[in-house]
Each structure stands twice: as C-alpha cells, then as structure tokens.
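# Fold and geometry: a report
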Amino acid sequence: MAPVNVTVTGAAGQIGYALLFRIASGALLGPDTKVNLRLLEIPAAVKAAEGTAMELDDCAFPLLAGIEVTDDAKKAFDGANVALLVGARPRTKGMERGDLLEANGGIFKPQGEAINAGAASDIKVLVVGNPANTNALIAQQHAPDVPAGRFTAMTRLDHNRALSQLATKLGVTVEDIKKLTIWGNHSATQYPDVFHAEVNGKNAAELVNDEAWLADSFIPTVAKRGAAIIEARGASSAASAANAAIDHVHDWVLGTPAGDWTSMAIPSDGSYGVPEGIISSFPVTCADGEYSIVQGLEVNEFSRARIDASVAELVEERDAVKGLGLI
Ligand code: NAX
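Residues numbered from 1 in each chain as written. Predicted model: local features only at pLDDT ≥ 70, side-chain atom pairs only at ≥ 80, totals over all residues. Heavy atoms only, no water.

### A look at the nonpolar core
Worth spelling out the cut-off: Throughout, nonpolar core names a set of buried Ala, Val, Leu, Ile, Met, Phe, Trp, Tyr and Cys residues whose side chains join them through atoms within 4.5 Å. Throughout, exposure labels follow a simple rule: accessible area from a 1.4 Å probe, protein chains only, divided by the maximum for the residue type, with under 20% read as buried, over 50% as exposed, and the rest as partly exposed. Residues are treated as being in contact if the distance between any of their heavy atoms lies within 4.5 Å.
Within the largest apolar cluster, 39 residues are counted, with the highest numbers of intra-cluster contacts made by L166, L180, V194, L214, F218, F282 and V284. Contact partners of F282, with chain neighbours within four places excluded, come to T181, I182, W183, T262, S263, M264, I266, S268, S271, Y272, V274 and I293. Formed by 32 residues, the second largest nonpolar core is a distinct cluster that contains V4, A11, L28 and V128.

Encoded structure:
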C-alpha cells in the first residue's frame, strides 16, 4: 500500500513537536500504514522544522516513508490524505477579536485554497489552531470542491479532559466511562454533557447525583483547563493537545469502539437544533472512514441552555468572519 500523505502545519511549534513523533510511530493510522510527512511552516520557522525533521530521521521509524519541509502551502497540501492544521495566530495582548479573526483568515483562507487545489480526493482535515471551529469554517469555505464534511475541528482534548475529571469524581478509570459528549465550540462556552454517559453501564449523571457539582465544578474545570495548564506549566497544553489530535484522526479513519462514541466538531446538518453549516461539536460514531452524528438523544433543559449558548457563540463568530469578508 502506498504511504499516506500527512500534512502538518505549525510543525515547528510545541504541539507539532509532540505530534510528529507519534504520527511517525504509527499512533495516528495504525501499525500497518506507512506515512509521508509534509511539514508546513512560515519562512522564519522552516529551519526549526528542519531540525525536527532531522530528529525524526534519527528515530529510524519503520513506518516513516519520507519527510518534506516547506513554507509553500501548495506543495505541502499536494496529494495530502490527512491534514492537521495546527499553526494559527494566537491572541496577543490588546488584540481585538476582529483582529484575531482577520489574522487567522490570512492563514486559513490560503490553506483552504491549497487543499482545494491539490489535496487527494479522500482528504480529511482536522483544525487544531484556535479559534479552531471558525478557522475550520474559513478553510472549508475556500475549498468548494472538497466535500464540506471533510473539514473538522478539535474538541477531543475537551472530551478527554471531561473523561478524566469524571473518572476522578466517581473513583473509576476512564475506560469505565462511555458516551460522554462535548457540544458546541472549543471555547469557554463548550458544554461537556454527562447525561447520556455510562459508567460500567450505569447512568453517569445519576451516579454523580449533584447538579451543583456539574454546573459549578465539572463544567468550568473542563472548560477552563487550558488556562489552568498555562498557569501551572507556564506554557499552553501541548502533549495533551497532540494526543487528542491523534485520537480524533485515529478514530475518524479507523472507527470508534462498539458501544461508545466520541466528540468531534463537524459541519452541522441541523441535528439537535444546531444551525446547518456551523462547525459545532457533536456526539459521533465513526466507521469506514466516515463519521455520523448520534441521533435521538433526549436533551434536557440543563443541556439545552448550555448547547444553545455555545452554538450562539459559533453563530456570532461565523457572522463576524462573514462581516470581515473572510468567508
Ligand atoms: P506554537 O506557537 O508553539 O506553534 C505554532 C506554530 O505555527 C509556530 O511554529 C508558527 O510558526 C506556526 N505557524 C503560524 N502561522 C503559520 C502558517 N500560516 N503556516 C504554517 N505554520 C504556521 O503553538 P502551539 O502551542 O503548537 O499551538 C498551536 C495552536 O493550537 C494554537 O492556535 C493553540 O491555540 C491551539 N490549541 C488548540 C487546542 C484545541 O483543543 N483545539 C488545544 C491546544 C492549543 O491551545
């Protein structure tokens, strides 16, 4: 089988450094799939990315068929089967939201165009760089020939954080928990939902039996975990973010386990009252390289208000990028 072409942007950054070695080791696509890595960076960081490529060479990974480093998006995405869009413009002090969206438009518009121009017909895109959901929307809107559903954004880190918090609360392991969901935006408004989650077959919300803990402790702890990591580590989440990116693409390509689901931000088809086209997080199952939204879940009042608030923020972000002429 020909190697799979995996393009990673922001390859010289801290997530890139935690991500590339795991992709090359087989954690992304399994132990039987060889990969070609394409590393895209801005010109000033190409040398650093070349340094990472040297280290990748030095690992002598049997599954790593080749590495290319470039600052040219057209080259980086040519023939790409999987694209991990990690590089983004962070918010700096005094930056208004419009400036942030505009700066990211300047990154994700040309990358969308390059994906449209040259990616393989089975391209799957995961956007990690923030604001991830809206950056994914921008790239998608500039790739009209690629099926819209191939553009996704990452809420798997939030999902994994929620699993870990719930496991600690209930004194179980993460493996014991199934069917947890992150809804909405990868932002402080995200909603980690335990009402359908099962712990060894029992309903998680019933086991917790404490709505105040959910509202005042669990949800804010998960939503603000990124800030807590920065406070403790002096740098933002990197290895856990890379791990979540691996999990997202791994499950999309290779499937979710039977009896469980995961969370992915994907273009809404209108399910659960989320306006069509918005890239919002849903409970999904994956099989044969395709995801589908888990249907028919009852959404209680507690959940409805929180899903609606996060979706409203996504609608606002979409309208803002529309207003700026970015989509
Ligand atoms: P770093 O600043 O360490 O690295 C970013 C890299 O992207 C830099 O090397 C930079 O040169 C590169 N870059 C910038 N513009 C580029 C372009 N046009 N083409 C190619 N490369 C470009 O950031 P890092 O800690 O790696 O985080 C990357 C992104 O992930 C940030 O936007 C961050 O906010 C986001 N995150 C998203 C998470 C999620 O759950 N969705 C969680 C972790 C992380 O905060």
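From this point, the narrative continues.
### Overview of unusual backbone geometry
In plain terms, the rule: Put simply, DSSP marks the helices as runs of H or I at least four residues long and the strands as runs of E at least two long, and each gets a number from the N terminus on.
With omega at -10°, the peptide bond leading from N130 into P131 counts as cis. Structurally, P131 can be placed in the loop between β5 (124–127) and α5 (132–141). Non-glycine residue D288 carries a positive phi angle of around 55°. Note that D288 resides in the loop between β13 (279–287) and β14 (290–293). Residue classification places D288 among the exposed positions, given a relative accessible area of 77%.

### With respect to the pattern of salt bridges
The cut-off we apply is this: Any carboxyl oxygen of Asp or Glu that lies within 4 Å of a side-chain nitrogen of Lys or Arg is treated as forming a salt bridge with it.
With the rule as written, the count across this model stands at eight salt bridges. One salt bridge in this structure joins E316 and R97, with 3.8 Å as the shortest N-O distance. Of this pair, E316 sits in helix α11 (residues 301–323) while R97 sits in helix α4 (residues 97–118), and the two are 219 residues apart along the sequence. A residue is classified by how much of its surface remains accessible, and E316, at 47% relative accessible area, is partly exposed. Relative accessible area serves as the criterion here: at 32%, R97 is assigned to the partly exposed category. Residue D251 is joined to R156 by a salt bridge in which the shortest nitrogen-to-oxygen separation is 2.9 Å. Here D251 is found in helix α10 (residues 239–254), whereas its partner R156 is found in helix α6 (residues 156–170), with 95 residues between them in sequence. Each member of the pair, D251 together with R156, is buried.

### Some details on the pairing of β5
The test is simple: Any two strands are treated as partners once DSSP identifies two or more bridges connecting them.
By the alternation rule, side chains of β5 split into K124 and L126 and V125 and V127, which are all buried. Two elements, strand β4 (residues 82–85) and β5, share four bridges in a ladder whose sense is parallel. Note that in β5 the partner of L84 across the bridge is L126. Sheet topology note: the β5/strand β6 (residues 151–153) ladder contains three bridges and is parallel. Paired with V125 across the strands is F151, a residue of β6.

In short, the description is geometric, and any link to function would need to be established separately.
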